[in-house]
Amino acid sequence: MRGAGAGQGARAMAAGGRGWFRALALGVSFLKCLLIPAYYSTDFEVHRNWLAITHSLPLSQWYYEATSEWTLDYPPFFAWFEYALSHIAKYFDPQMLVVENLNYASRATVFFQRLSVILTDSLFIYAVHECCRCINGKRAAKDILEKPTFILAVLLLWNFGLLIVDHIHFQYNGFLFGLMLLSVARLCQKRYLEGALLFAVLLHFKHIYIYVAPAYGIYLLRSYCFTANNADGSVKWRSFSFLHVTLLGLIVCLVSALSLGPFLVLGQLPQVISRLFPFKRGLCHAYWAPNFWALYNAMDKALTILGLKCNFLDGTKIPKASMTGGLVQEFQHTVLPSVTPLATLICTFIAILPSVFCLWFKPQGPRGFLQCLVLCALSSFMFGWHVHEKAILLAILPLSLLSIQRAKDAGIYLILATTGHFSLFPLLFTPPELPIKILLMLLFTVYSFSSLKSLFRREKPLLNWLETIYLIQLVPLEIFCEVIFPLTPWKQRFPFVPLLLTSVYCALGITYAWLKLYVSVLTERTSVRQKAE
Amino acid sequence: MEKWSLMTITVLLALTVRWAVSLGSYSGAGKPPMYGDYEAQRHWQEITYNLPIRQWYFNTSDNNLLYWGLDYPPLTAYHSFVCAYIAKLINPEWVALHTSRGHESQPHKLFMRTTVFVADLLVYIPAVILYCFSLKETSAKKKVSSALCILLYPGLILIDHGHFQYPLSLGLALWAVLCLSHDWDLLGSVAFCLALNYKQMELYHSLPFFCYLLGKCFKKGLKGKGLVLLAKLAGTVLVSFAACWLPFGTDVEQIMQVLRRLFPIDRGLFEDKVANIWCSLSVLIKIKNVISPRTQLKLSFAVTFLSLLPACIKLTVQPSLRGFKFALVSCALSFFLFSFQVHEKSILLVSIPVCLIINEIPFMATWFLLVSTFSLLPLLLKDELLLPYAVTTPAFLAVCLASFSILEKTSAEDLQLKAFSLSLKGYVSWFKSFPRIVRSLVSGTGLSDAALPPPQRLPDLFPVAVAVVSCLHFLLFLVYFNVVILWDSKNRGQKKIS
């Protein structure tokens, strides 16, 4: 059933329009090229430094080198990736490959680094193409603009978050998400081994994707290792396939051996691990990612102020840092109990658990897998230790795939994408980039709202009035943070207020979207047709 | 999706591209002592803010006319004054007399870019949107895609938001066309007068406006309604000119000085490497040395006049909106090719009218717009805008390909040459291969675009080559547009319907 649908979709793609897909991909690539002279963050120097480290030092020193403060803290495959890039980089400007050249940013360097992001994004484009082929063409509309595949392609290729994080702020998320989406597409196409291989490779490129590993693990176990279901949809224990488990295990072990093996031989594994998981950093990033801990911190602050006003607390005993907070790494709680890494780990685990159970007990094929993937990403975003605001993309991108299939998911997507993207605004704080981030955000938001609305125009409205009001209020918030606040005298005394407001306000929306998605997944009834699958 | 959300997305996309281009370099960045057009605009702000209005166009101890003296009409000066007022509020150093000369900083660049952005947003873009909505016999989707193509035309974006220039005069001219197409003749002539008073180059468009309105008066009968309309129009033009020139109207010397600044006859036939006929001819004959400046002036005037004549007569005799738009193109092109003291940026005056007819002759219009951007390449290279050029041009081509599927529309009918080819039947058999020739030429231009030969022994080789290639194209286009205009018969519209 689903296979037929996918085939239909693929045929529709082939017949109607390689053209539009190419146009979309080219268009966004051109836009990326235009952004080459834009502002870039310290991540630019991070990656330049990694180019230099991998190019000029032997393997044994990669994870020990500490001339720059931006030490190598990605898994080995990413280091090898930088190594490969560095061999092209030397034709642009060999100076960028010298470890001691801190903050080196000649024009050729900028051009090369930016171009490398743009070109490696072709993997992302290919992955999006594959994802579009997985979408069944049930809703095939005459108008190209209303085809689900077209909308999906725009939502993924022109994703606001990816554009500003990769092509202005500077990171290589594009091809990493490409790997992830490609593995998702392969799983949807029932090419499980390929999907598992891609995900294993991805994990060794950037370990943040371990957040969604439970979804992969359970899904593969449930639909690949057990080859059949009972009539009521529960697992048929006797259909367990040893061969499949062995194959999966082999893939994971081989990839890990390829990546970590050399360091195991050198006896550097502990050093690599300690670089990859720096628990010494604080609970929240410098700018609070809009998650549960942002709300927790804000609550703590509010209670502190309240306590001081009502003389419940002794002002002299309060740690100094907490009052200037928001900008310091170590945040000390005054009223509420402090949070330890272990506590966040437990919270994350508990938050992920129901979604994983759901995937196991209510199998719904690729849709269920995607839901679980998004929930894993969101839950770990909500409760993780030292979460970056950029990690929200890990939930937004897979949710795009769901949003074009069901009106309910589309509503959640709109809330999550809009607040999540808005929470990325503080990444770009330089005045010349202010118009570009607002324009791009408007472009993406207007498109996602109008296209999804027209896609589901026969169903009830995607958002209720409360959600609409919440989203509209982002506009005054932005105006206050960027225009009004800098003109007030508080700017000097409380510079963190705009960041705090943004992250708390967005945290509300993201928490709401998370809960709503959870409720919808848990209460969803498996239809008879899907059971038969 | 709804028409309005599509149009919003189009505008947002256009604005994004504009701002992204403006992140790049500008004319004369970091090149003392003269800098470039950016500094010229900043200098005008300095002059207009600090000096009394009577000294704006005169050479005084505070106003060295050799250093970017004002040489545009009063509206430009007023606009500079307004900008200077805002600049003063933000940072007085930006417009301080004398000391601010050659001022360059990131905040100032941001300010200047914003002024252009705002001007574009308030004047040019609304005109384009309204024009596209007012197109007749087109679906909503076609309207949006024409708007997208027009707004993404790289020439204008690169010159305004890269090189640095205000799109106000072109925007006002567009408003004038828009008004005329709604039969609001008086409002249209006010808008055109404003455009003309913003930049004297708008004279390139003046003849079609004049002929169209005159023809309209003739059509209504010169003894009845037509005369009334003519009188009203003349009155409107006089009043709007008077309003613009009011502060200078106190004595004749002021007006004469402004006019001398606007039309610097002693500057020579052409400057730099412009893609017009004189510059291209000078590859063979050094015209500037052979003929005296007076004769040059007369010669260029005569040739321009002759090349304008057919289209203008046709328009006066048979005034139609369609003919008017085509005449705008061909007259501006004649001026660009043959007139005196042409600047390479003036090709935009041709391009904007071409944009207006992009939905009628998508193939030729796209081709022309690409060539016109190509002809700006030497200028853009000087400003280090190669990257935005190399990005926006193929993007524009892709958009045109997607929205009009231009390559399929190369039959004689699509090129609006049906009537012409019918009248030539029998003589010219090669004419059928015209589309093929055209196609190969386009790809040829594209290739020469792509494989930029670095100038080696001859430093000017590259700009001259660009100029000559573009000039040949423009000559071809001039012939083409004149053919379309002259062979345009009234029953064409009926044919289309059947």
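Residues numbered from 1 in each chain as written. Chains lettered and ligands numbered in written order. Predicted model: local features only at pLDDT ≥ 70, side-chain atom pairs only at ≥ 80, totals over all residues. Heavy atoms only, no water.

Moving on, we come to the overall build of chain A. Assigned secondary structure in chain A consists of 24 helices and zero strands. Put simply, of all contacts in chain A between residues at least 6 apart along the chain, 78% involve residues at least 24 apart. Accessible surface, chain A: about 22800 Å² in total, of which carbon and sulfur atoms supply 69%. (Helix = DSSP H or I, 4+ residues; strand = E, 2+ residues; numbered from the N terminus. Contact = heavy atoms within 4.5 Å. Areas by Shrake-Rupley, 256 points an atom, 1.4 Å probe, with all protein chains shown as cover.)

Okay, the packing of helix H15 (residues 341-361) of chain A against helix H23 (residues 497-523) of chain A next. Residue and element names in this part refer to chain A. Axis separation between H15 and H23 bottoms out at 10 Å; the angle between their running directions is 30 degrees. When the interaxial angle is binned, H15 and H23 end up roughly parallel. When you trace H15 past H23, the crossing you get is left-handed. Residues Ala351, Ile352, Pro354, Ser355 and Cys358 of H15 form the contact with H23, whose participating residues are Trp514, Tyr518, Val521 and Leu522. A class-by-class count of the residues in the contact of H15 with H23 yields eight nonpolar, one polar and no charged. (Axes fitted to C-alpha atoms, helices over the stretch in contact; angles between N-to-C directions. Parallel < 35°, antiparallel > 145°, perpendicular 65-115°, else oblique. Left-handed = near helix turned anticlockwise from the far one by under 90°. Nonpolar A, V, L, I, M, F, W, Y, C, P; charged D, E, K, R; others polar.)

Let us look at the interface of chain B and chain A. Counting residues at the interface gives 25 residues for chain B, matched by 28 residues for chain A. Buried surface at the junction of chain B and chain A, summed over both partners, amounts to about 2300 Å²; 83% is from carbon and sulfur atoms. There are one salt bridge connecting chain B and chain A. One salt bridge in this structure joins Arg107 of chain A and Glu384 of chain B, with 3.2 Å as the shortest N-O distance. Counting every contact that joins chain B to chain A gives two residue pairs in polar contact (both at pLDDT 80 or more). Residue composition of the side of chain B that touches chain A, grouped by class: 18 nonpolar, five polar and two charged. (Buried area = accessible area lost by both parts, 1.4 Å probe. Salt bridge = Lys/Arg side-chain N within 4 Å of Asp/Glu carboxyl O. Polar contact = N/O pair within 3.5 Å; in protein donor to acceptor, adjacent residues only side chain to side chain.)

Helix H1 (residues 3-22) of chain B packs onto helix H19 (residues 433-455) of chain A with a crossing angle of 160 degrees between their chain directions and a minimal axis gap of 9 Å. Taken as axis vectors, H19 of chain A and H1 of chain B run roughly antiparallel relative to one another. As H19 of chain A runs across H1 of chain B, the sense of the crossing is left-handed. Across the interface between the two elements, Pro435, Ile436, Leu439, Leu440, Leu442, Leu443, Val446, Tyr447 and Ser450 of chain A from H19 of chain A touch Ser5, Thr8, Ile9, Leu12, Leu13, Leu15, Thr16, Trp19 and Ala20 of chain B from H1 of chain B.

On the surface, Leu342, Leu345, Ile346, Phe349, Ile350, Leu353, Phe357 and Phe361 of chain A cluster together into a nonpolar patch covering about 840 Å² of accessible area. Note that Phe361 of chain A resides in helix H15. (Patch = residues over 30% accessible without salt bridge, like charges linked within 9 Å, V, L, I, M, F, W, Y side chains within 5 Å.)

Turning to the pattern of salt bridges, a few remarks are in order. Residue and element names in this part refer to chain A. On inspection of all chains with the given rule, the structure shows 24 salt bridges over all chains. Put simply, Asp121 and Lys32 hold a salt bridge, and the shortest N to O gap is 2.9 Å. Taken together, the positions of Asp121 in helix H5 (residues 107-134) and Lys32 in helix H2 (residues 18-34) put the pair 89 residues apart, joining distant regions of the chain. Taken individually, Asp121 and Lys32 each receive the classification buried, so the pair is uniform in this respect. (Buried < 20%, exposed > 50% of the residue type's maximum accessible area, 1.4 Å probe, protein only.)

For the rest of this paragraph, the subject is the side chain of Lys32 of chain A. Of the residues examined, Lys32 of chain A reaches a relative accessible area of 4% and is grouped as buried. Setting aside anything within four residues of it in sequence, one finds Lys32 of chain A in contact with Ile118, Asp121, Leu163 and His167 of chain A.

Residue and element names in this part refer to chain A. Mean pLDDT over chain A stands at 86; residues scoring 70 or higher make up 89%. Taken as a whole, residues 1-16 scores under 50 in pLDDT and shows 21 contacts with residues more than four places along the chain or in a different chain. Per-residue pLDDT stays below 50 along residues 528-533; that stretch engages in nine contacts with residues further than four places along the chain or on separate chains. (pLDDT = per-residue confidence, 0-100.)

Next up on the list: the nonpolar core. Leu452 of chain A together with Phe474 and Phe481 of chain B are the most contacted members of the largest nonpolar core, which has 293 residues in total. Excluding its chain neighbours within four sequence positions, the residues that come into contact with Phe481 of chain B are Phe326, Val329, Ser330, Leu333, Val354, Ile357 and Ile361 of chain B. If you look at the next biggest cluster of nonpolar residues, it comprises 34 residues, including Leu51, Val123, Leu168 and Trp245 of chain B. (Core = buried A, V, L, I, M, F, W, Y, C linked by side-chain atoms within 4.5 Å.)

Now for unusual backbone geometry. All names here are of chain B. Between Pro32 and the following residue, Pro33, the backbone shows a cis peptide bond with an omega angle of 5 degrees. Within the secondary structure layout, Pro33 lies in the loop between H1 and helix H2 (37-50). Look at Tyr35: it is not a glycine, yet its phi comes out positive at around 55 degrees. Its location among the elements puts Tyr35 in the loop between H1 and H2. Positive phi outside glycine occurs at Asp183, with the angle close to 70 degrees. On the secondary structure map, Asp183 appears in the loop between helix H7 (168-181) and helix H8 (185-198). We classify Asp183 as exposed; its relative accessible area is 52%.

Moving on: helix H4 (residues 76-92) of chain A. Residue and element names in this part refer to chain A. An ideal rise of 1.5 Å per residue puts 24 Å on 17 residues; H4 measures up with 24 Å between its terminal C-alpha atoms. Maximum bend of H4: about 30 degrees, positioned at Ser86. Inspection of H4 places Pro76, Phe77, Phe78, Ala79, Phe81, Glu82, Leu85, Ser86 and Ala89 among the buried residues, and these make up the whole buried set. Close packing links the buried residues of H4 with helix H3 (42-56), H5, helix H8 (173-188), helix H9 (192-203) and helix H11 (242-266). (Expected span 1.5 Å × (residues − 1). Bend = angle between axes of the 7 residues up to and from the residue.)

What follows covers the packing of aromatic side chains. Under the defined criterion, the tally for this structure stands at 73 aromatic pairs over all chains. When the centroid spacing of 5.1 Å and the interplanar angle of 55 degrees are considered together, the rings of Phe226 of chain A and Phe240 of chain A count as tilted. Of this pair, Phe226 of chain A sits in the loop between helix H10 (213-225) and H11 while Phe240 of chain A is found in the loop between H10 and H11, placing the two residues 14 residues apart along the sequence. The buried category is assigned to Phe226 of chain A, whose relative accessible area is 7%. Its guanidinium or amino end placed over the ring of Trp360 of chain A, Arg222 of chain A lies 5.5 Å from that ring's centre, counting from NZ or CZ. The ring of Tyr67 of chain B has Arg101 of chain B lying over it, and the distance from NZ or CZ to the ring centre is 4.0 Å. (Phe/Tyr/Trp six-rings, centres within 6.5 Å; stacked < 30°, edge-to-face > 60°. Lys NZ or Arg CZ within 6 Å of the ring centre and 35° of its normal.)

Another point: the side chain of Ser22 of chain B. All names here are of chain B. Assignment of secondary structure puts Ser22 in helix H1. The exposure class of Ser22 is buried, given its relative accessible area of 3%. Here the side chain of Ser22 touches Trp19 through a polar contact of 2.8 Å, landing on its backbone oxygen. Not counting residues up to four positions away in its chain, the partners in contact with Ser22 are Lys109, Arg113 and His161.

Residues and elements named next belong to chain B. Averaged over every residue, the pLDDT of chain B is 85; residues scoring 70 or more account for 87%. Averaged pLDDT values for the elements of chain B fall to 40 in helix H22 (residues 492-497) and rise to 95 in helix H4 (residues 106-133). For the stretch residues 426-432, pLDDT sits under 50, and the model shows three contacts to residues farther than four places along the chain or on other chains. Predicted confidence is poor over residues 491-498, with pLDDT under 50, and the contacts of this stretch with residues over four places away or in other chains come to two contacts.

Turning our attention to the environment of Leu356 of chain B. Residues and elements named next belong to chain B. In this structure, Leu356 sits in helix H15 (residues 347-356). For Leu356, a relative accessible area of 5% corresponds to the buried category. Note: C-alpha distance between Leu356 and Asp62 (294 residues apart in sequence) is 43 Å. Not counting residues up to four positions away in its chain, the partners in contact with Leu356 are Tyr131, Leu174, Val177 and Lys325.

What follows deals with the state of the cysteines. Throughout the structure, instances matching the rule amount to zero disulfides over all chains. The thiol of Cys131 of chain A is unpaired, and the distance to the nearest cysteine sulfur, on Cys134 of chain A, comes to 5.9 Å. The structure places no disulfide on Cys355 of chain B, whose sulfur is separated from the nearest cysteine sulfur, that of Cys400 of chain B, by 8.7 Å. (Disulfide = S-S within 2.5 Å.)

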